[in-house]
Amino acid sequence: MIRIYADSTNDLGAELIEKNNVRIVPLYVRMGEETVKDGPSFDPDKLYAWADKNKTTPSTAAFSPGDAEEAIREAKAAGDDILFFGISTEMSAACSVFKVAAEEVDYSDHVFVVDSRNLSTGIGLIILKAAKIMEEGNRTAAEVWLELQKIIPKVRASFVVDTLLYLYRGGRCSAVSALAASALGIKPKIVVADGKMGVGAKYRGKIEAVIKKYVNDLEPQLKRADRDAVFITHSGVDAAILEAVKAELTELKHFDNIYITRAGGVISSHCGPGTLGVLFIEND
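Residues numbered from 1 in each chain as written. Predicted model: local features only at pLDDT ≥ 70, side-chain atom pairs only at ≥ 80, totals over all residues. Heavy atoms only, no water.

Relative to strand 4 (residues 34-37), strand 3 (residues 28-31) runs antiparallel, the two being bridged by 4 bridges. Bridging from a neighbouring strand, Val 29 pairs with Val 36 of strand 4. What sits between the antiparallel neighbours strand 3 and strand 4 is a turn of 2 residues, in which Gly 32 has the positive phi angle 65°. (Pairing = 2+ DSSP bridges. Helix = DSSP H or I, 4+ residues; strand = E, 2+ residues; numbered from the N terminus.)

This part is about unusual backbone geometry. Phi is mostly negative for residues that are not glycine, and the peptide bonds are mostly trans. Phi is positive for Asp 106, which is not a glycine, with a value near 60°. By secondary structure assignment, the location of Asp 106 is in the loop between helix 4 (94-104) and strand 7 (111-115). One non-glycine residue, Ser 120, lies in the positive phi region at around 50°. With respect to the secondary-structure elements, Ser 120 resides in the loop between strand 7 and helix 5 (121-136). What makes Ser 120 buried here is its relative accessible area of 5%. (Buried < 20%, exposed > 50% of the residue type's maximum accessible area, 1.4 Å probe, protein only.)

This part covers the nonpolar core. One finds Phe 63, Ile 72, Phe 84, Phe 85, Phe 98 and Leu 148 to be the most contacted residues of the largest nonpolar core, which totals 68 residues. Of all the elements, helix 5 adds the most residues to this core, at 8 residues. Counting residues in each nonpolar core, the second largest holds 22 residues, with Ile 207, Ile 232, Val 245 and Ile 258 among its members. (Core = buried A, V, L, I, M, F, W, Y, C linked by side-chain atoms within 4.5 Å.)

Turning to the state of the cysteines, a few remarks are in order. For the structure shown, the criterion picks out 0 disulfides. Here Cys 95 is not cross-linked by a disulfide; its sulfur's nearest cysteine counterpart is in Cys 271, at 20 Å. Look at Cys 95 and you get buried, because its relative accessible area is 2%. (Disulfide = S-S within 2.5 Å.)

Position of Phe 280 relative to the elements: it lies in strand 14 (residues 276-281). Considered as a pair, Phe 280 and Gly 195 are 85 residues apart in the sequence and their alpha carbons are 15 Å apart. In this view, Phe 280 contacts Leu 125, Lys 154, Val 155, Arg 156, Leu 218, Gln 221, Leu 222, Ala 225, Ala 229 and Val 230; residues no more than four positions away in its chain are not counted. (Contact = heavy atoms within 4.5 Å.)

Our focus in this paragraph is the pairing of strand 3. Looking along a regular strand, one sees side chains alternate from face to face of the sheet. In the sheet, strand 3 pairs with strand 5 (residues 59-61) via 3 bridges, with the strands oriented antiparallel. Paired with Arg 30 across the strands is Ser 59, a residue of strand 5.

Once that is clear, we can look at the sheet that holds strand 5. Reading across from one edge, 4-3-5 is the order of the 3 strands in this open sheet, with antiparallel pairing throughout. The two strands at the open ends of the sheet, each matched to only one other strand, are strand 4 and strand 5. Between one strand axis and the next, the sheet turns by 25° as a mean value, whatever way the strands run. (Axes fitted to C-alpha atoms, helices over the stretch in contact; angles between N-to-C directions.)

You can see Ile 133 is positioned in helix 5. The exposure class of Ile 133 is buried, given its relative accessible area of 6%. Once the C-alpha coordinates of Ile 133 and Ser 92 are considered, the two residues, 41 residues apart in sequence, prove to be 27 Å apart. Not counting residues within four places of it along the chain, the set of residues in contact with Ile 133 comprises Arg 139, Val 144, Glu 147, Leu 148 and Ile 151.

Time to look at the packing of aromatic side chains. Tallied over the full model, the rule gives 5 aromatic pairs. Geometrically, the ring pair formed by Phe 84 and Phe 98 is stacked, given 4.0 Å between the ring centres and 5° between the ring planes. Of the two residues, Phe 84 is situated in strand 6 (residues 81-86) and Phe 98 in helix 4; the sequence distance between them amounts to 14 residues. For Phe 84, a relative accessible area of 0% translates into the label buried. Site record: aromatic cluster; members linked through ring pairs are Tyr 5, Phe 63, Phe 84 and Phe 98. (Phe/Tyr/Trp six-rings, centres within 6.5 Å; stacked < 30°, edge-to-face > 60°.)

Here it is as structure tokens:
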């Protein structure tokens, strides 16, 4: 049997995690003296309230080797192989920690670490593909891992941020960039490429109009996308905006599933409130 483990940054949401039998190894969010496990039950609104009150943002950390070893021992006791899905190694040590833990437990030959080269539901899309591959026939964990290597470069993850304050506080952009964006009313599109975050298009205006333009600009790629799933993932956006984005994606008559998910604690700590992304797999 193959077990799917994933760190908590995949943002699939409780329903999809349960449906696909994904076992979560949570990362940590530190708010002052308090350290909280990330995951589907984490409340990002409390995070924002704490950040506003303390004029800073929480810090985040990968799970400990002990956390990973505990998860691996459970699979080892059952004689199961593991596919572990983690946030890009350019952004976190989660994948590296899991590999080291597998060695410590003497189970490396049965643990296959999938470096998503991505974040949020960019990871989630890869997990759903793995679950589908496993359903379609008898595959070893090694065979599934190899198939996923072909899919990972095709994942398209981007998002528009309402404020650069959280990225600045988290060291992801400079004070000058954050100040200039605020003064000019710029809402940047952050794009994940080669496992790293970078700035793509720069929009101006109210967030509602910016998100509409962002989705419209994605349309050529969306029409080439894998039909299985597209994600609308956000960190606290008005329901009316979410429904408008979903309606635009529905009008394309392209996707079998359109999922709306809320970003968890780690992702929300870095992107801040009002962020929205459309994530999908682009076909050749």
